[in-house]
Amino acid sequence: MQVKNLRDYSMKIGLIGCQNSGKTTIFNALTRSEAQVTDFSNAKAEPNLAVIDVEDERVTRLSEMYQPRKTIYATVEFIDFVGVAGGAEKQGAFSPELLQLAKNTDALALVVRNFSNEIMGAPGPLEDVARVEEELVFSDLIVVENRLERIEWENKKGKKSNQTLAEEALLGKIRGQLNDNRPIRRMDLTEEEDKLLKGYQFLSRKPLMVVLNSEEENFGRNAEILARLQENHTVVEFAGNFEMELSRMTSDEDIQLFMEDLGVEESARSLLTRTAYELLGYISFFTVGADEVRAWTLRNGEPAVAAAGTIHSDLARGFIRAECFNYADLMACGSEKGVKEKGLLRLEGKEYRVKDGDILNIRFNV
Ligand SMILES: Nc1nc2c(ncn2[C@@H]2O[C@H](COP(=O)(O)OP(=O)(O)OP(=O)(O)O)[C@@H](O)[C@H]2O)c(=O)[nH]1
Ligand SMILES: [Mg+2]
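Residues numbered from 1 in each chain as written. Chains lettered and ligands numbered in written order. Predicted model: local features only at pLDDT ≥ 70, side-chain atom pairs only at ≥ 80, totals over all residues.

Here we look at the nonpolar core
- In terms of nonpolar packing, the biggest core is built from 76 residues, with Leu15, Ile26, Ala109, Leu110 and Val211 touching the most fellow members.
- Shared between two domains, this core holds at least three residues of each, these being domain 1 (10-278) and domain 2 (301-364).
- Apart from the residues within four sequence positions on either side, Ala109 is in contact with Ile13, Gly14, Leu15, Met209, Val211 and Leu272. (Core = buried A, V, L, I, M, F, W, Y, C linked by C-beta atoms within 7 Å. Buried ≥ 20, exposed ≤ 12 C-beta atoms within 10 Å, placed from the backbone. Domains from an automatic or database assignment. Contact = placed C-beta atoms within 7 Å.)

This is the structure:
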């Protein structure tokens, strides 16, 4: 995966799917927005955008403990795209502008309709997933073909370099994969190959999860469809309409009752962001103090010096040690003092692999 600096970073998740699959409904539920939901497909080409805090109870509890002046949650941005048309309208399922936006996302959430609708008829979630995947593959195929043509033209002019030869070979391999209707996501690419693809933002390479948008009446009774979808994808199930109504409710007690009633254990917002973190291999670490309690995002497996760099480049440059304890230990001991007394405060070096829930204080000198 491409390395990017996660400082001031907001994870971007694009909601894509066929027309009328409930993307805007789910977007509203996730972001407590009131974007227009229609039965007829939206001619409006502009996607809806919203940035929300990542619900993380740990940040809330840390904030209660430290009473800081500022509490900063990680954020996630949702982008609600126009639906992918089927049949004859298929050409240009993604307009150039949409394509550009979709390319800048970190992950895609493919919303599939699992409710009947007067206009669209009975749902076909498996077919819809296949159709949208095809659309992603098709969009990448165009990019690959164009680039290969360009390379060939340059080759003819005698501009061969080892770099372009390697790129040509790799793109040829990818083209074969795409022609077999297989997303690039499923290819095992070497580090070398990954580097060659740095300038590309292939849609079928984006981490993707499927959101099965079920009718309230059927929610929780779709084991068979879920199992089929899970053969190839990470899947979550929502009852979109229900979630949208839930997001408009203000009483925590009512929300709890409604959720219990339908057998929903976790809010859509929390489930989706948590799944995205897992899909992307992201973890959270925290910084705490009287001034600020803050959640930061890091890729799983990254060392303490990278965590320091996420906070500020100076902290990475002048890194001495990381004072480190874990959120779970803090909660068990009741205070930072308790953590120290139990000997659970550690001093870690640059190479220490940061774990989800670590609380770090970077000692540095520049
Ligand atoms: N029964 C039922 N209807 C839903 C659900 N989610 C969405 N709908 C309905 O499906 C229709 C389309 O919903 P939208 O959220 O606008 O769908 P969309 O995917 O954004 O549609 P486009 O942007 O036009 O592609 C509306 O009439 C919604 O009320 C659901 O969970 N259950
Ligand atoms: Mg919509």
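Considering the site of ligand 1
- By nearness alone, 22 residues border ligand 1, and Gly22, Thr24, Thr25, Gly83 and Gly240 come closest of all.
- If one sorts the elements of the shell around ligand 1 by residue count, helix α1 (residues 23-31) sits on top with 3 residues.
- Of the residues in the shell around ligand 1, the class split is 4 nonpolar, 15 polar and 3 charged. (Near = placed C-beta within 6 Å. Helix = DSSP H or I, 4+ residues; strand = E, 2+ residues; numbered from the N terminus. Nonpolar A, V, L, I, M, F, W, Y, C, P; charged D, E, K, R; others polar.)

Some remarks on the domain arrangement of the protein
- Under the domain assignment, the protein is made up of domain 1 (10-278) and domain 2 (301-364).
- Computed from C-alpha atoms alone, the centre-to-centre distance between domain 1 and domain 2 is 33 Å.

What to know about the environment of Leu360
- Along the chain, Leu360 turns up in strand β12 (residues 358-364).
- Distance from Leu360 to Ala322, taken between C-alpha atoms, is 6.2 Å for residues 38 residues apart in sequence.

Some remarks on unusual backbone geometry
- A positive phi is found at Asn20, a non-glycine position, where the angle reads about 60°.
- Along the chain, Asn20 turns up in the loop between β1 (10-16) and α1.
- A count of 20 C-beta atoms within 10 Å places Asn20 in the buried class.

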